[in-house]
Each structure stands twice: as structure tokens, then as C-alpha cells.
Amino acid sequence: MKKDLLNHGKNDKYSDSPEKLVVSLTCKIDELDFLLMKVVAAFNEIQEHSSDSLKLNVFLNRRIEISPPPPPLI
């Protein structure tokens, strides 16, 4: 995340603009608080050492559990 936020178009492997960066999270609902807190803590640490005004864009994906098909009837 740090390399993406501070890249500013220097390296094509990372986001060319901090405004365009979106952190996408997919997890189980009971893990969401922990994961989101880790992302926010990492972002806050990056922002402390940056002279830019950064914005954190987070996209929450709903995890869809797909059950295996039932066994064939014989």
C-alpha cells in the first residue's frame, strides 16, 4: 500500500495516483474488524510520514460461499 500511495506515476507496477488507489477487502464477516483495523493502522503510519494529503479508499467485497454440488443420485 505504501508503494502505491507514494508512487505518483514513477513506477508502472504501482498506482499512478493515490486518488485512484482502492484497497479491496474480501474476508469472512467475523474477520472484517481485524482486517480493516490493520489496513487503517498501516494507512495512518504511511500518512504520518507523507507530506501529501492522502485518502484511503476501501472497497468491501462480500464473500460468497459456494457449496459443492450434491452427490449424484444412483
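Residues numbered from 1 in each chain as written. Predicted model: local features only at pLDDT ≥ 70, side-chain atom pairs only at ≥ 80, totals over all residues. Heavy atoms only, no water.

1. Digging into the overall build of the protein
Then, in step 1: Scanning the protein for helices and strands turns up two helices and two strands.
Then, in step 2: Along the chain direction, N to C, the helices and strands of the protein fall in the order α-β-α-β.
Then, in step 3: Its C-alpha radius of gyration of 18 Å places the protein more than 25% over the 11 Å reference for a compact globule of 74 residues.
Then, in step 4: Reported as C-alpha extents along the three principal axes, the dimensions of the protein are approximately 65 × 30 × 15 Å.
Then, in step 5: Residues classed as buried in the protein amount to 23% of the 74 residues present.
Then, in step 6: Pairs at least 24 residues apart make up 55% of the contacts formed inside the protein by residues separated by at least 6 positions.
Then, in step 7: Accessible surface, the protein as shown: approximately 6,400 Å² in total, 56% of it carbon and sulfur. (Helix = DSSP H or I, 4+ residues; strand = E, 2+ residues; numbered from the N terminus. Rg over C-alpha atoms; globule rule 2.2 N^0.38 Å. Buried < 20%, exposed > 50% of the residue type's maximum accessible area, 1.4 Å probe, protein only. Contact = heavy atoms within 4.5 Å. Areas by Shrake-Rupley, 256 points an atom, 1.4 Å probe, with all protein chains shown as cover.)

2. Observations concerning the side chain of D4
Then, in step 1: The residue D4 is located in helix α1 (residues 2–5) in this model.
Then, in step 2: The buried charged residue D4 lacks any salt bridge, with K3 as its nearest oppositely charged partner at 9.3 Å.
Then, in step 3: Dropping the residues within four chain positions of it, D4 is found in contact with Y14, S15 and L21. (Lys, Arg positive; Asp, Glu negative; His and termini not counted. Salt bridge = Lys/Arg side-chain N within 4 Å of Asp/Glu carboxyl O.)

3. So, the nonpolar core
Side chains of a nonpolar character, in soluble globular proteins, are inclined to be buried together.
Then, in step 1: Membership of the largest hydrophobic core is limited to five residues, which are L5, L21, F43, I46 and L54.
Then, in step 2: Apart from residues no more than four positions distant in its own chain, I46 is found in contact with M1, K2, L5, L6 and L54. (Core = buried A, V, L, I, M, F, W, Y, C linked by side-chain atoms within 4.5 Å.)

4. Points about unusual backbone geometry
Then, in step 1: Even without being glycine, H8 reaches a positive phi, approximately 55°.
Then, in step 2: Examined against the element boundaries, H8 turns out to sit in the loop between α1 and β1 (23–27).

5. Section: the confidence of the model for the protein
Then, in step 1: Confidence in the prediction for the protein averages 88 pLDDT; 99% of positions are at 70 or higher.
Then, in step 2: Of all helices and strands in the protein, the one with the weakest mean pLDDT is strand β2 (residues 58–62) (86), whereas helix α2 (residues 32–48) scores best (93). (pLDDT = per-residue confidence, 0-100.)

6. Here we look at the pairing of β1
When a strand is regular, its side chains alternate between the sheet's two faces.
Then, in step 1: Burial along β1 is one-sided: the face carrying V23, L25 and C27 is buried and the face carrying S24 and T26 is not.
Then, in step 2: Alignment of β1 against β2, held across five bridges, turns out to be parallel. Counted as the bridge partner of C27 is R62 from β2. (Pairing = 2+ DSSP bridges.)

7. Some words on the pattern of salt bridges
When the charged atoms of two side chains lie near each other, side chains of opposite charge can form a pair.
Then, in step 1: Evaluation of the coordinates by the stated rule reveals one salt bridge.
Then, in step 2: In this structure, K20 engages D16 in a salt bridge whose closest nitrogen and oxygen atoms are separated by 3.5 Å.

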